[in-house]
Amino acid sequence: MYQFEYHKASSVDDALKKLGGAEDGKILAGGMTLLPTMKQRLAAPSDLIDLAGIADLKGIKVDGKTVTIGAMTTHWEVHSSKEVQKAIPALSDLAGLIGDPMVRHRGTIGGSLANSDPSADYPAAVMGLGATIKTNKREIAADDYFKGLFETALEDGELIVAVSFPIPKRAAYQKFPQPASRYAMVGVMVAETPSGIRVGVTGAGPCAFRVPEMEKALTAKFSADSVAGITIPSDGLNADLHGSADYRAHLVTVMAKRAAATIA
Ligand SMILES: Cc1cc2nc3c(=O)[nH]c(=O)nc-3n(C[C@H](O)[C@H](O)[C@H](O)COP(=O)(O)OP(=O)(O)OC[C@H]3O[C@@H](n4cnc5c(N)ncnc54)[C@H](O)[C@@H]3O)c2cc1C
């Protein structure tokens, strides 16, 4: 690991000030992705600005229509929250499938979304449930947030403060885990949201995406059979030693079918 300066921020404004004052500063959330990258000398930030002491960024609020989760809320807190389990059980299920207990207790929803790993689970939830990413500057709709491989709409110096999920009528997440890492080879969130049926996919492509044909078919008839015959093109999908693009395309249909079957 290269040398760096460590700073503990006391508020969002303090974090932004410290970030702005650093030569090549990076936000530190759970450190589950950032620290291994630094240990391998793949990243060498001059300064780390730790958000762990900012109480405003933690916690879960549920009102009649929305679940809002602070950026520094851990995967374990989302999974074990009785309020999330009641309002959006699929989101609690998804958080419980992330990594291992250590990752779930340290990793945060804000860190995961800022990182936008192509195989991370939360992107399927954000896309499938039609969530809104709240930053220090603005609100970004899920459909506008994911831009490509590890690429999001976040600008330099922009901080995720919370993520807000409209409470769906019904939703389910199904994940085919990569057997060694437990990341998603493919994960699909199917949801009937206040603005209609949405199908959000992670793991298959460079970033999360929706499948309009499946959404249309489920709107016409909400059943697993409605998506069983819909295959997505494999062009541009991820391919690695764990699975080809064709395999991932096939998994999208299988996971969508399983998710729809769970809640149909
Ligand atoms: C062994 C292992 C297994 C894992 N398995 C899974 C899995 O199955 N599914 C899954 O989804 N993930 C998995 N992960 C990733 C895990 O969910 C991480 O927690 C997540 O990717 C990063 O979150 P973090 O809070 O640790 O962020 P950090 O590592 O601290 O930060 C990640 C990046 O986001 C930036 N950042 C952090 N917070 C903010 C913010 N609020 N605003 C703006 N930028 C910010 C940082 O500067 C950094 O660039 C795994 C990780 C490990 C180590």
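Counting restarts for each chain, with residues numbered from 1 along the sequence as it is written. In view of the model being predicted, local features appear only for residues whose pLDDT reaches at least 70, and side-chain atom pairs are presented and counted only at 80 or more, with totals across whole chains, interfaces and linings using the full set of residues. Note that the side-chain values use all heavy atoms of the structure and ignore hydrogens as well as water.

The phi torsion of most residues other than glycine is negative, and most of the peptide bonds are trans. Even without a glycine there, the phi angle at Arg41 is positive, about 60 degrees. Relative to the helices and strands, Arg41 is located in the loop between helix H2 (34–39) and strand S3 (47–50). For Phe150, which is not glycine, the phi torsion reads 55 degrees and is therefore positive. The numbering of helices and of strands both runs from the N terminus, where a helix is a DSSP run of H or I of at least 4 residues and a strand a run of E of at least 2. With respect to the secondary-structure elements, Phe150 resides in the loop between strand S8 (146–148) and strand S9 (151–152).

Bringing the layout of surface pockets into the picture now. We place a 1 Å grid over just the protein atoms. Points where a 1.4 Å probe fits but has no way out form a cavity, open points with protein on both sides within 12 Å along at least 5 of 7 lines form a pocket, and any residue with an atom within 4 Å of a point lines it. Grid points are joined across faces, edges and corners, and a volume is the space filled by probe spheres set on the points. Estimates place the volume of the largest pocket at around 1200 Å³. Looking at the lining of the largest pocket element by element, the count peaks at five residues for helix H7 (residues 109–115). Of the residues in the lining of the largest pocket, the class split is 20 nonpolar, 17 polar and ten charged. When residue character is reported, Ala, Val, Leu, Ile, Met, Phe, Trp, Tyr, Cys and Pro are called nonpolar, Asp, Glu, Lys and Arg charged, and the others, Gly included, polar.

Turning next to the sheet that holds strand S4 (residues 60–62). Between any two strands, pairing holds if DSSP finds at least two bridges. Spatially, S4-S5-S10-S6-S7 is the arrangement adopted by the five strands of the open sheet, whose pairing is antiparallel. The sheet is open, and its two edges are formed by S4 and strand S7 (139–141), each paired on a single side. Pairwise comparison of adjacent strand axes, ignoring direction, gives a mean angle of 20 degrees for this sheet. Relative to strand S5 (residues 66–70), S4 runs antiparallel, the two sharing three bridges. Bridge pairing in S5 links Lys61 to Thr68. Only heavy atoms matter for contacts: two residues are in contact if any of them lie within 4.5 Å across the pair. Helix axes are fitted to C-alpha atoms over the stretch in contact, other axes to C-alpha atoms as well, and angles between N-to-C directions run from 0 to 180 degrees. Against the sheet, helix H8 (residues 122–129) contacts strand S6 (132–135) and strand S10 (160–166), and its axis sits at roughly 50 degrees relative to S10.

Throughout, the term near means that a residue has one or more heavy atoms lying within 4 Å of the molecule or strand in question. Surveying the vicinity of the ligand reveals 29 residues, the closest of which are Ile27, Gly31, Met32, Thr108 and Asp121. Within the side chain of Thr108, a nitrogen or oxygen atom sits 2.6 Å from an oxygen atom of the ligand. Whenever two N or O atoms come within 3.5 Å, that pair is a polar contact, provided that in protein one can donate a hydrogen and the other can accept it, and provided that, for residues adjacent in sequence, both atoms are side-chain atoms. Take Lys175: an N or O atom from its side chain is 3.3 Å from an oxygen atom of the ligand. Those molecules having more than half of their atoms within 2 Å of a cavity or pocket grid point set are described as sitting in that cavity or pocket. Of the pockets mapped on this structure, the ligand occupies the largest pocket. For the shell around the ligand, the secondary-structure elements that each account for two or more residues are strand S2 (25–28) and H7. When residues of the shell around the ligand are assigned to their parent elements, the largest contribution, four residues, is made by H7. Grouping the amino acids of the shell around the ligand by side-chain chemistry returns 14 nonpolar, ten polar and five charged.

On to helix H10 (residues 212–220), then. The buried label applies to any residue whose accessible area, calculated with a 1.4 Å probe on protein chains only, is under 20% of its type's maximum; exposed applies above 50%, and partly exposed to all values in between. Taken residue by residue, H10 has Met214, Glu215, Ala217 and Leu218 as its buried positions. Along the axis of H10, the buried positions cluster into a sector of 165 degrees, meaning they face one direction only. Exposed residues on H10 whose side chains face more than 90 degrees from its buried face are Pro212, Lys216, Thr219 and Ala220. Where H10 is buried, its residues meet strand S12 (184–193), strand S13 (196–202), strand S14 (209–210), helix H11 (224–228) and helix H12 (245–263). When we speak of the arc, we mean the arc of directions from the helix axis to the C-beta atoms.

Another point: the pattern of salt bridges. Opposite charge on two side chains allows them to pair when their charged atoms are near. Just to be clear on terms, a salt bridge is a Lys or Arg side-chain nitrogen sitting within 4 Å of an Asp or Glu carboxyl oxygen. Evaluated as defined, the whole model comprises twelve salt bridges. Across the pair Arg210 and Glu215 runs a salt bridge whose closest N-O atoms are separated by 2.9 Å. By relative accessible area, Arg210 is classed as partly exposed at 27%. Judged by its relative accessible area of 9%, Glu215 is buried. One salt-bridge network, in which partners are shared between bridges, spans Lys137, Arg138, Glu155 and Glu158.

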